[in-house]
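The primary structure of each chain is shown beneath.
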Amino acid sequence: MSNSQRYTITAALPYTNGPVHIGHLAGVYVPADIYARYLRNTGNDVIYICGSDEHGVPITIKAKKEGVSPQDIVDKYHTIIKKSFQDFGISFDNYSRTTAKIHHETASEFFKKLYNEGKFIEESNEQLYDAEANQFLADRFVVGTCPKCGNEESYGDQCESCGTSHNATDLINPKSAITGNVPTTKITKHWYLPLDKYEKWLREWIVEGHKNDWKTNVLGQVKSWLDDGLKPRAVTRDLDWGIPVPVEGADGKVLYVWFDAPIGYISSTKEWAAREGKDWEPYWKDEKTKLIHFIGKDNIVFHCIIFPAMLKAEGSYILPENVPANEFLNLEGNKISTSKNWAVWLHEYLEDFPDKQDVLRYALTANAPETKDNDFTWKDFQARNNNELVAIFGNFINRVVVLTNKYYDGIIPEPNEFSDVDNETLEKLQKFPSVISSSIERYRFREASQELMNLARLGNKYLADEEPWKVIKENPERVKTVLYVALQIATGLSIVCEPFLPFTSAKLEGILNISKNVAWDDIEKTNELIAPNHKIGKAELLFAKIEDEEVQKQLDKLEATKQANEAENKVVEPQKETIEFDDFTKLDIRVGTILEAVKIPKTKKLLQLKVDVGLDIRTIVSGIAESFKPEDIIGQKVTVLVNLAPRVLKGIESQGMILMTDTPDGKLAFIEPENDSVANGEQVS
RNA sequence: GGCGUGGUAGCUCAGUUGGUUAGAGCGUCGGAUUCAUAACCCGGAGGUCUCCAGUUCAAUUCUGGAUCACGCUACCA
């Protein structure tokens, strides 16, 4: 690689509806940080850009729920997120936010340019509007009578009874699903990015052009989208939280959050450039600049299809060189979930494990979800620290420093003639930077982190083989050479570990009493990384062991979360309004037995059942396929509401409803008579 | 249902453009050693490479099917 290549590195903008957790770190921020630090160390012109993503519906919902303004929500999390990134050593050149003025301006300009150049499709249509909720009622927000079959509970976009799809305005007697009010109609206009026009180009650029250098999971996902066929995508929304659509007649409309968010990379770059007195444009418009997006797999479609199409439509921007998306990290066997509080939150980790940023960085890198979902366990975290960082890396450094201080008062000795082993060891040391570089440049960070550890292993083996503590008794001159060589390895480690373990690198430089005077690439060029007669500092442990109790504390914390979640799930729904006995007697509920059960094709949840309800044997469609296998429920006693109006589901008429309840693990359970001899057709009263 | 990605040692993962004994780290067992945070170093055990079928002289590697996990999408709540 030629020197001083320009790189623009972006990390997915964290969404400000919660703090950052280890899943975000392992998937995006740590690998991107390693990459950025590595490129800086090898003399490139790098900007590492990020910021908070603060628009979108979920923020407004959360704000409503907590009775505060959306701005309060995003301020709160932006502050937490920004600080925790900083404390964790994520080396962003700029961390901005999408509520920033510069971002609103940048996104507006971007939209206007595409608008003026006619890159959007403009579509106006009459939509239902709920004045009380102050909201347009699309799709599922409205129910009414189906114009085709007369079903009174058709949704706005489709009637479930007859299966036809229609517009919400076609419904007879529409009602708002939010307030129950009768909606008015209002004309609303939206702008669409015609993705279908970019389909061919995207296929050529990614599926063919990058089939050898992009990750298979990314290529596969992109291909899957393209094969499905792209459709025009609305880039505006009727909402009051976001960036106002900057054209005439767009009052009350904002840019779709996924339109504005990726532009945040650009506005964050502008913010950085203004502060640093630089020109932002080469970082986004110079063909020679390499643009790399680090993201999680959930963002592939936005970074590989929508954002590139936007950039292409705009015309003056470069396209990403690569989009190394990672898979997901699980926590102790379960999916990480912000809403369920099943996570290790970065800001809490930093409090619980002060000065142990590098331990988490290392544990997440060594077990990163690069090719498939992985599991983070505290036991693995502890093992990575105790067996690798402490026992191999820290221990090697400690041995070298202790010996140097003990024999030479901390002054690096002049070596004598090198033995074959010395030369081989020094040659191996020289090869490490390029091996690690190669892994990093292929986005294989876990492999790179293991190579780093192998360098420390090389040092330990060298000491074990040369036994300076023994040789000192017969041949003190030889020991000078041995420690000289060992110190070269220690110095090499301090340089090569920087992208992965920046805090450790700084600490080690302090111990060795050096400051970055050797560059990454110098290791393979020079024979001497640290010179004789230089005085090093006293021994100081780089890493501390993590005891079982500390890990147990974290496990207890998770267990508490689990129990809190279960308790929350037990929250009983409030009692419904009082009904009269007559109301109850209208319900005809009977005991029945399932005689047949078949999965309905092309559905995930539906089973077609034949149930003997005493009166007759009837067909019932029930959405229980995720909880039961058809063959397991034949003969099952059930309770059936038999006089429910028949309803056609997937073309099959369902003549009744099986009564079900939920189990704590989210499955369904039948309601059945405790006494097995109860006959089919017996009434429930 | 369609599509994508993955299923390799107890655990976490490499790898094989098809070819004699399939690798690493951790864990485990044994040895050596004391400069070092009982750490390091050496060695051993441990795998029908998810299953079935096909192509082939030869498959863990290619093809087809099944199955499980995760995701996208459709449908469904």
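Read on for a plain summary of the structure. This structure is a prediction, so every number in the text was calculated from the model and none was measured.

1. Structural notes on the overall build of chain A
Stage number 1. Along the backbone of chain A there are 19 helices and 25 strands.
Stage number 2. The burial tally for chain A puts 50% of its 685 residues in the buried class.
Stage number 3. Sequence-distant contacts, at least 24 apart, represent 73% of the contacts inside chain A between residues at least 6 apart.
Stage number 4. Accessible surface, chain A: about 32700 Å² in total, of which carbon and sulfur atoms supply 48%.

2. Quick notes on the protein's contact with RNA strand B
Stage number 1. The full set close to RNA strand B counts 44 residues, and Lys335, Thr371, Asp373, Asn374 and Arg399 are the nearest of them.
Stage number 2. For RNA strand B, the fraction of protein-proximal atoms (within 4 Å) that sit in sugar or phosphate groups is 80%.
Stage number 3. A distance of 2.6 Å separates a phosphate oxygen of RNA strand B from a polar atom in the side chain of Arg444.
Stage number 4. Here a base oxygen of RNA strand B and a backbone polar atom of Phe543 are 2.7 Å apart.
Stage number 5. Those elements that provide at least two residues to the surface near RNA strand B are helix H6 (216-228), helix H12 (378-408), helix H14 (445-466) and helix H15 (468-474).
Stage number 6. For the surface near RNA strand B, the leading source of residues is H12, giving ten residues.
Stage number 7. Here the residues of the surface near RNA strand B sort into twelve nonpolar, 13 polar and 19 charged.

3. Here we look at the pattern of salt bridges
Stage number 1. Throughout the structure, instances matching the rule amount to 34 salt bridges.
Stage number 2. Residues Asp87 and Lys83 are paired through a salt bridge, measuring 2.6 Å at the closest nitrogen-oxygen approach. Placement of both Asp87 and Lys83 in helix H3 (residues 70-88) is noted, with a separation of four residues, approximately one turn of the helix.
Stage number 3. With a closest N to O distance of 2.9 Å, Arg478 and Glu466 form a salt bridge. Taken together, the residues span a long stretch of sequence, with Arg478 in helix H16 (residues 476-496) and Glu466 in helix H14 at a distance of twelve residues.
Stage number 4. With a relative accessible area of 15%, Glu466 lands in the buried category.
Stage number 5. Here the salt bridges do not stand alone but share partners, grouping Asp33, Arg37, Arg361 and Glu498 into one network.

4. Some details on the sheet that holds strand S16 (residues 374-376)
Stage number 1. With respect to topology, three strands assemble into an open sheet ordered S15-S14-S16, the strand pairing being mixed. The open sheet has two edge strands with one neighbour each: strand S15 (334-335) and S16.
Stage number 2. Relative to S15, strand S14 (residues 329-331) runs antiparallel, the two being bridged by two bridges. Residue Asn330 lies in a different strand from S15, and its bridge partner there is Lys335.

5. A look at the sheet that holds strand S2 (residues 45-52)
Stage number 1. Judged by pairing direction, the sheet is parallel, and its four strands sit side by side in the order S3-S2-S1-S13 without closing on themselves. Because the sheet does not close on itself, it has two edges, and the strands there are strand S3 (94-97) and strand S13 (290-294). For this sheet, the mean angle separating the axes of adjacent strands, direction not counted, is 20 degrees.
Stage number 2. Note that strand S1 (residues 6-11) and S2 share five bridges and pair parallel. Within S2, the residue paired with Arg6 across the bridge is Asp45.
Stage number 3. Strands in contact with H3 are S2 and S3; relative to S3, the strand with the most contacts, it is inclined by about 170 degrees.

6. Some points on the nonpolar core
Stage number 1. One finds Tyr29, Phe259 and Phe393 to be the most contacted residues of the largest nonpolar core, which totals 170 residues.
Stage number 2. Apart from residues no more than four positions distant in its own chain, Phe259 is found in contact with Ala107, Phe110, Phe111, Leu114, Phe120, Val235 and Met310.
Stage number 3. Core analysis: the next-biggest nonpolar cluster, separate from the first, contains 14 residues, Val611, Ile633, Val638 and Phe670 among them.

7. A few points about unusual backbone geometry
Stage number 1. One non-glycine residue, Tyr443, lies in positive phi territory at about 60 degrees.
Stage number 2. Checked against the element boundaries, Tyr443 lands in the loop between helix H13 (420-441) and H14.
Stage number 3. Phi angles above zero are rare outside glycine, and Asn513 is one such case at about 60 degrees.
Stage number 4. Note that Asn513 resides in the loop between helix H17 (502-512) and helix H18 (548-569).
Stage number 5. Judged by relative accessible area, which is 44%, Asn513 ranks as partly exposed.

8. Structural notes on the environment of Ile22
Stage number 1. Relative to the helices and strands, Ile22 is located in helix H1 (residues 22-41).
Stage number 2. When the C-alpha atoms of Ile22 and Leu364 are compared, they prove to be 7.8 Å apart, with 342 residues separating the residues in sequence.
Stage number 3. Excluding its chain neighbours within four sequence positions, the residues that come into contact with Ile22 are Leu329, Leu331, Ile336, Val344, Leu360, Leu364 and Phe376.

9. Quick look at the packing of H13 against H16
Stage number 1. Two numbers describe how H13 lies on H16: the axes approach to 10 Å, and their chain directions differ by 0 degrees. With respect to H16, the element H13 is oriented roughly parallel. Of H16, the residues touching H13 (which contributes Asp422, Thr425, Leu426, Leu429, Pro433 and Ile436) are Arg478, Thr481, Val485, Gln488, Ile489, Gly492 and Val496.
Stage number 2. For the contact of H13 with H16, the residue count by class is seven nonpolar, four polar and two charged.

10. Describing the environment of Asn565
Stage number 1. By the element assignment, Asn565 lies in helix H18.
Stage number 2. The partly exposed category is assigned to Asn565, whose relative accessible area is 21%.
Stage number 3. C-alpha of Asn565 to C-alpha of Trp342: the two residues are 223 residues apart in sequence and 9.3 Å apart in space.

11. Details of the side chain of Asp53
Stage number 1. Looking at the element boundaries, Asp53 is found in the loop between S2 and helix H2 (57-66).
Stage number 2. Arg97 is the oppositely charged side chain nearest to the buried, salt-bridge-free Asp53, at an N-O distance of 10 Å.
Stage number 3. With residues up to four places along the chain from it excluded, the contact list for Asp53 reads Leu13, Pro14, Tyr15, Thr16, Thr98, Val257 and Ala261.

12. Here we look at the packing of aromatic side chains
Stage number 1. If you walk through the whole model with that rule in mind, you get 39 aromatic pairs.
Stage number 2. Geometrically, the ring pair formed by Tyr35 and Phe445 is edge-to-face, given 6.4 Å between the ring centres and 90 degrees between the ring planes. Of this pair, Tyr35 sits in helix H1 while Phe445 sits in helix H14, and the two are 410 residues apart along the sequence. Here Tyr35 matches Phe445 in class, with each residue buried.
Stage number 3. An angle of 70 degrees between the planes, with centres 6.3 Å apart, marks the rings of Tyr115 and Trp191 as edge-to-face. Taken together, the positions of Tyr115 in helix H4 (residues 101-116) and Trp191 in strand S9 (residues 184-193) put the pair 76 residues apart, joining distant regions of the chain.
Stage number 4. Judged by its relative accessible area of 1%, Trp191 is buried.
Stage number 5. Among the aromatic residues, ring-to-ring pairing joins Phe110, Phe111, Tyr115, Phe120, Trp191, Phe259, Trp280, Trp284 and Tyr317 into one connected group.

Definitions and cut-offs
Residues numbered from 1 in each chain as written. Chains lettered and ligands numbered in written order. Predicted model: local features only at pLDDT ≥ 70, side-chain atom pairs only at ≥ 80, totals over all residues. Heavy atoms only, no water. Helix = DSSP H or I, 4+ residues; strand = E, 2+ residues; numbered from the N terminus. Buried < 20%, exposed > 50% of the residue type's maximum accessible area, 1.4 Å probe, protein only. Contact = heavy atoms within 4.5 Å. Areas by Shrake-Rupley, 256 points an atom, 1.4 Å probe, with all protein chains shown as cover. Near = heavy atom within 4 Å. Polar contact = N/O pair within 3.5 Å; in protein donor to acceptor, adjacent residues only side chain to side chain. Nonpolar A, V, L, I, M, F, W, Y, C, P; charged D, E, K, R; others polar. Salt bridge = Lys/Arg side-chain N within 4 Å of Asp/Glu carboxyl O. Pairing = 2+ DSSP bridges. Axes fitted to C-alpha atoms, helices over the stretch in contact; angles between N-to-C directions. Core = buried A, V, L, I, M, F, W, Y, C linked by side-chain atoms within 4.5 Å. Parallel < 35°, antiparallel > 145°, perpendicular 65-115°, else oblique. Lys, Arg positive; Asp, Glu negative; His and termini not counted. Phe/Tyr/Trp six-rings, centres within 6.5 Å; stacked < 30°, edge-to-face > 60°.

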